[in-house]
Amino acid sequence: MTRKIDLNADMGEGFGRWSIGDDAALLEHITSANVACGLHAGDPDVMAKTMTAALERGANIGAHPGFPDLQGFGRRRMKLPETSLRNMIRYQLGAADAMARAAGGRLRHFKLHGALSNMASEDIALARTCYETALDFDPDLVILVLPLTAMDEAIRDLGGNWAGEIFADRAYNEDATLVDRSLPGAMVHDCIDAAANMAAMVREQAIICASGKRLPCRVDTICVHGDTPESLEIAAAVRARLQAEGNEVCPL
């Protein structure tokens, strides 16, 4: 069965003189760019450059907000009051929206980053707060969620547009959450393995856990982390394998 599938990447994660990942090369393979909004990574110049390059290659632009944690790259958990959390999301959405418009495009989707994403996958109230704030800002945003987690439940309750996201470079627990990065086997480094895993998940419309267990779910988009050392090889291999199996790789 032919399916339409989006291939996304987290990018624009450099800051000042420091760069992370090869965004220009990655944009040759992906169809949606999740752009860091300046708190966990990124700055105005990096955002502008990344968004302009994405639009030139026909990729969708999305906001990728995280915790205000440059040193920890947004991967350290924080506990914020609800008002502060909402303001943090609005602040980053506003910056991303302004930069997207200046580049001649607009925001198409919204995806939480790092620890904030992991926490939202476990806590429906937190997920709902983040998604409600994003949809209040722009009801047309497509919300990227981890299927079968609290994120999934929250967006279904809110009734917004959403896409089920799986990860090409990460392993899964049997509760559909990602294996903690600190644990052995959490990361998938071999591009052939990643491509085979993604093709199988798209074909079966299911998350395939590290244990081999299948979790049926909706699969709309596949992520490759821009800071993964093998990101280019993985993105190219995943796209080639999906297309070889008759799928159409296209933006959401």
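Here, the structure is the one placed above.
Residue indices follow the written sequence of each chain, beginning from 1 at its first position. Selection of residues for local features in this predicted model requires a pLDDT of at least 70, selection of side-chain atom pairs for listing and counting requires 80 or more, and totals for whole chains, interfaces and linings are taken over all residues. Side-chain metrics rest on all non-hydrogen atoms present in the structure, leaving aside hydrogens and water.

Participant: How should I be thinking about the pattern of salt bridges in this particular structure?
Facilitator: Opposite charge on two side chains lets them pair, provided their charged atoms get close. Here, a salt bridge means any Lys or Arg side-chain nitrogen found within 4 Å of an Asp or Glu carboxyl oxygen. In the structure shown here, the tally under the stated rule is 13 salt bridges. One salt bridge in this structure joins E28 and R57, with 3.0 Å as the shortest N-O distance. Linking E28 in the loop between α1 (23-26) and β2 (32-36) with R57 in the loop between α2 (44-56) and β3 (60-64), this pair joins segments that are 29 residues apart in sequence. One salt-bridge network, held together by shared partners, links D10, K111 and E165. Counting from the N terminus, the helices are the DSSP runs of H or I reaching at least four residues and the strands are the DSSP runs of E reaching at least two.

Participant: It is not clear to me how the pairing of strand β6 (residues 162-167) should be interpreted in this structure. Could you clarify?
Facilitator: A 1.4 Å probe rolled over the protein chains alone gives each residue an accessible area, and that area as a share of the maximum for its type sets the label: buried under 20%, exposed over 50%, partly exposed in between. With six of its six residues buried, β6 lies for the most part within the structure. Neither face of β6 is left uncovered, since the one carrying W162, G164 and I166 and the one carrying A163, E165 and F167 both have all their residues buried. When DSSP finds at least two bridges between two strands, those strands are taken to pair. Of the pairings in the sheet, the one linking strand β5 (residues 142-145) to β6 comprises three bridges and is parallel in character. Within β6, the position partnered with L144 by the bridge is A163. By convention, a crossover is right-handed whenever its connection, traced from the first strand over the helix to the second and viewed with the strands pointing away, goes clockwise. What joins β5 to β6 is helix α6 (residues 150-158), and the crossover it makes is right-handed.

Participant: I keep staring at the packing of aromatic side chains and nothing clicks. Help me out?
Facilitator: Think of a pair of aromatic rings as described by two things: how far the centres are apart, and how the planes are tilted against each other in angle. Two aromatic rings from Phe, Tyr or Trp, using only the six-membered ring of Trp, form a pair when their centres are within 6.5 Å; if the ring planes differ by under 30 degrees the pair is stacked, by over 60 it is edge-to-face, and anything between is tilted. All told, the structure shown has one aromatic pair when counted by the stated rule. Both rings, one in F110 and one in Y131, keep their centres 6.4 Å apart while their planes meet at 85°; by these two values the pair is edge-to-face. Of this pair, F110 sits in strand β4 (residues 107-110) while Y131 is found in helix α5 (residues 124-137), placing the two residues 21 residues apart along the sequence. Of the two residues examined, F110 and Y131, each falls in the buried class. Here, over-ring charges are defined by two tests on the NZ atom of lysine or the CZ atom of arginine: distance to the ring centre within 6 Å, and angle to the ring normal within 35 degrees. Here the basic side chain of R218 rests over the ring of W162, its NZ or CZ set 3.9 Å away from the ring centre.

Participant: What am I meant to see in the nonpolar core here?
Facilitator: For our purposes a nonpolar core is just a set of buried Ala, Val, Leu, Ile, Met, Phe, Trp, Tyr and Cys residues, chained together by side-chain atoms within 4.5 Å. Counting residues in hydrophobic clusters, the biggest one holds 74 residues, and the most contacted among them are Y131, I143, I222 and V238. When residues no more than four places from it in sequence are discounted, the contact partners of Y131 are F110, L112, I143, L144, V145, M151, A154, I155 and L158. Contacts: residue pairs with any heavy atoms within 4.5 Å of one another.

Participant: What should I look at first to understand α6 in this one?
Facilitator: Side chains that are three or four residues apart share a direction in an α-helix, a result of its 3.6 residues per turn. Taken as a whole, α6 has its buried residues at A150, M151, D152, A154 and I155. Against the buried residues of α6 lie α4 (114-120), α5, β5 and β6. Of the residues one or two after α6, G159 is the one with positive phi, at around 80°.

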